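What follows is the residue order along each chain.
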Amino acid sequence: MPQYYIWTIGCQMNKAESERLGSHLEELGYQPAATTDKADLIVINSCVVRQSAESRVANKLDALRSLKRVNHSLTLAVTGCLVNSETDQLKDHFPYVDYFFKPGDYPQWLEKENKLQASLPQHPSPSTFVPIIQGCDNFCSYCIVPYRRGQERSRPVEEIVGEAKELLKRGVKEVILLGQNVDSFGHDLPNKPDLADLLGELNTIDGLARIRFLTSHPKDMSSRLINAVASLDKVCEQISLPVQSGSNDILNAMRRGYTVEHYRQLIAELRTQIPGLGLSTDVIVGFPSESPGQFQQTADLLSELRFDTVHVAAYSPRPGTIAARALEDNVPHAEKRSRLDKIETLQERIAAEINAQFPGKTAEVLVEGKKGGKWQGRTRNGKLVFFTETSHCLGQVKKVRIEHASPWSLQGKVLTSEHQ
Ligand code: SF4
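Student: Before we move on, can you summarise the side chain of T379 with the specific residues and values?
Tutor: By secondary structure assignment, the location of T379 is in the loop between strand 15 (374–378) and strand 16 (384–388). Among all residues touching T379, those that are not within four sequence positions of it are R210, R212, A363, E364, V365 and V385.

Here is the structure:
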């Protein structure tokens, strides 16, 4: 049997697509290979959102060129955000790559008749990603995604619900709805259902335990959606809402379409409506012309709003974006690094303080797997929990007494049934 190997870098969207591509290849008769040198087909699922990711993709392709020299029957394919409409340029640059295809846009030799069934993971994790909207219409000035993934295309509600039911049969307990901007889901569909409608439909599926979604956009998050999260019992109390900067001038230059004041109000509404909400955000430091004072506004906002998780990145210009064309990348590299370190240090302290409240409490954990001999899973509000237990726990919801906390995770002991 031919063997395949998929190398993935980047966001959850890429991970979900790789999982589905792997399943698709197995339907076509391929088996997973343990290493690249055993594979007959290697697919690189690329990310170019930051320079560091793009460099890792280039290094990986470079390493595979040598493999291709000794293994002439190896097929090498590249998908993900490196692939744009002009594949001729990519072919010139990487002549040893056999195929370039856009995410989900399989070449003919990979097509199957029953696309939906074939693309679902055969042995999914109890918590599985379900893409609901592709592309992005926003054109934030720093972001390459709209150029690579195109305009927003929502999947029909019935298709997503059908997929969730099929995943349930395969052992899934939780679906995580994915999109670059899930809050604009449905605007391109007949009758314009929105994310709140979709959550309502999914909430009626018997046996499905939990529903999450990411990523939200502050300019598109509606009160209707917040009410849906607050009222639907299976929708978890967790929101990912990138703020990117605490300065209105920088938000304007980023073309984000909201102000700090609007963002603050949203967080207040979310926290009032959804008790126990887990909140994460994304921040970019060192955006063109970001002054020390504007950076401090970001740090102050994070101190004020106290997120559970902050993903911070140093700005790197992406060729072809508005910022790369029109704005000078004028914050020195060392200064970007220093700002990034400051945010990470600040957030580590905040997360440690938040998590210090958990020891002594009991958490409901959906068990997703094992790591380092311990079971691991998440609470409804997204806290990562590790615990030891001899019985098989995968896919079960366990009550765990939390004993220790770090900024990144909680550790505890599972309660025996008589204590539950
Ligand atoms: S919302 Fe902005 S940052 Fe997010 S994918 Fe779209 S353009 Fe990129």
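Next, the rest of the story.
Student: Could you give an account of the sheet that holds strand 12 (residues 278–285), naming the residues involved and the relevant values?
Tutor: One open sheet accounts for three strands, arranged 11-12-13; its pairing is parallel. Lying at the two open borders of the sheet, with one neighbouring strand each, are strand 11 (238–240) and strand 13 (309–314). Averaged over all pairs of adjacent strands, the angle between strand axes in this sheet comes to 15°, irrespective of strand direction. Taken together, the six bridges between strand 12 and strand 13 define a ladder with parallel strand orientation. Across the sheet, residue S280 finds its bridge partner in strand 13, namely T309.

Student: Describe the site of the ligand, naming the residues involved and giving the relevant values.
Tutor: Around the ligand sit C136, N138, F139, C140, Y142, C143, V145, P146, Q180, H217 and R256, and those are all the residues in its vicinity. Classifying every residue of the shell around the ligand by side-chain character gives seven nonpolar, three polar and one charged.

Student: Quick one: what's the story with the nonpolar core, residue by residue and with numbers?
Tutor: It is characteristic of soluble globular proteins that their nonpolar side chains tend to be buried jointly. I132, L177, L195, L199 and F213 are the most contacted members of the largest nonpolar core, which has 70 residues in total. Those residues within four positions of F213 in sequence are excluded, and the remaining contacts are L177, V182, D183, L195, L199, L225, V229, V235 and I239. Of all hydrophobic cores here, the second largest spans 25 residues; its members include W7, A39, C47 and F100.

Student: Describe helix 6 (residues 157–169), naming the residues involved and giving the relevant values.
Tutor: Look at helix 6: 19 Å from first C-alpha to last across 13 residues, which is about the 18 Å you get at 1.5 Å a residue. Turning to helix 6, its buried residues are V157, I160, V161, E163, A164, E166 and L167. Phi turns positive, to about 105°, at G171, one or two residues after helix 6.

Student: Quick rundown of unusual backbone geometry? Include the residues and the values.
Tutor: With an omega of 5°, the peptide bond running from L214 to T215 counts as cis. Tracing the chain through its elements places T215 in the loop between strand 10 (210–214) and helix 8 (223–231). The backbone phi angle of F139 is positive, close to 50°, even though this residue is not glycine. Relative to the helices and strands, F139 is located in the loop between strand 7 (133–134) and helix 5 (145–149). Even without glycine at this site, R255 takes up a positive phi of about 60°. For R255, the location among the structural elements is in the loop between helix 9 (248–254) and helix 10 (260–273).

Student: Which residues make up the sheet that holds strand 14 (residues 362–371), and what values do they have?
Tutor: Two pairing modes exist for strands in a sheet, parallel and antiparallel, and in both the strands are linked by backbone hydrogen bonds. Sheet architecture is closed into a barrel: five strands sit in the order 14-15-16-18-17, paired in mixed fashion. Averaged over all neighbouring strand pairs, the angle between strand axes comes to 55°, with direction disregarded.

Student: Now, about the environment of T204: what can you tell me, with residues and values included?
Tutor: Mapped onto the elements of the fold, T204 is located in the loop between helix 7 (195–203) and strand 10. Given the relative accessible area of 58%, T204 is considered exposed. A sequence separation of 137 residues divides T204 from L67, and the C-alpha atoms of the two residues are 50 Å apart. Within polar-contact distance, the side chain of T204 engages the backbone oxygen of E201 at 2.6 Å.

Student: Mind laying out the side chain of Q134, listing which residues take part and the relevant values?
Tutor: Tracing the chain through its elements places Q134 in strand 7. There is a polar contact of 2.8 Å between the side chain of Q134 and the side chain of E17. A polar contact of 3.3 Å, which involves the side chain of Q134, links it to the side chain of R149. If sequence neighbours within four positions are ignored, Q134 has contacts with M13, E17, R149, Q151, E152 and R153.

Student: Go over the pairing of strand 10 with me, naming the residues and quoting the values.
Tutor: Burial of strand 10 is extensive: five of the five residues sit out of reach of the surface. Residues of strand 10 alternate between two faces, with R210, R212 and L214 on one and I211 and F213 on the opposite face, all of them buried. Pairing of strand 9 (residues 174–178) with strand 10, which is carried by five bridges, proceeds in the parallel orientation. Bridged to L177 within strand 10 is F213. After leaving strand 9, the chain enters helix 7 and then returns to the sheet as strand 10, a path that is right-handed.

Student: Go over the pattern of salt bridges, please, and point to the residues and values.
Tutor: Counting across every chain of the model gives 24 salt bridges. Ionic pairing is found between R65 and D62, a salt bridge with its closest N-O pair at 3.1 Å. Here R65 pairs with D62, and both are found in helix 2 (residues 51–70), just three residues apart, close to one helical turn. We classify R65 as partly exposed; its relative accessible area is 32%. When the shortest N-O distance is used, the salt bridge between K383 and D308 registers 2.7 Å. You can see K383 sitting in the loop between strand 15 and strand 16 and its partner D308 sitting in the loop between helix 11 (292–305) and strand 13, a full 75 residues away along the chain.

Student: Explain the pairing of strand 1 (residues 3–8) to me, and be specific about the residues and the numbers.
Tutor: Pairing of strand 1 with strand 2 (residues 31–32), which is carried by two bridges, proceeds in the parallel orientation. What sits directly across from Q3, in strand 2, is Q31. Each parallel crossover has a hand, and the one from strand 1 via helix 1 (residues 12–27) to strand 2 is right-handed. Relative to strand 3 (residues 41–46), strand 1 runs parallel, the two being bridged by five bridges. Note that in strand 3 the partner of T8 across the bridge is N45.

Student: Can you break down helix 8 residue by residue, with the values?
Tutor: Among the residues making up helix 8, those that are buried are L225, I226, A228 and V229. When helix 8 is viewed along its axis, its buried side chains cluster within an angular range of 160° and face the same direction. On its buried face, helix 8 is in contact with helix 7, strand 10, strand 11 and helix 10.

Scoring rules and cut-offs
Residues numbered from 1 in each chain as written. Predicted model: local features only at pLDDT ≥ 70, side-chain atom pairs only at ≥ 80, totals over all residues. Heavy atoms only, no water. Helix = DSSP H or I, 4+ residues; strand = E, 2+ residues; numbered from the N terminus. Contact = heavy atoms within 4.5 Å. Pairing = 2+ DSSP bridges. Axes fitted to C-alpha atoms, helices over the stretch in contact; angles between N-to-C directions. Near = heavy atom within 4 Å. Nonpolar A, V, L, I, M, F, W, Y, C, P; charged D, E, K, R; others polar. Core = buried A, V, L, I, M, F, W, Y, C linked by side-chain atoms within 4.5 Å. Buried < 20%, exposed > 50% of the residue type's maximum accessible area, 1.4 Å probe, protein only. Expected span 1.5 Å × (residues − 1). Polar contact = N/O pair within 3.5 Å; in protein donor to acceptor, adjacent residues only side chain to side chain. Right-handed = clockwise from strand over helix to strand, strands pointing away. Salt bridge = Lys/Arg side-chain N within 4 Å of Asp/Glu carboxyl O. Arc of directions from axis to C-beta.

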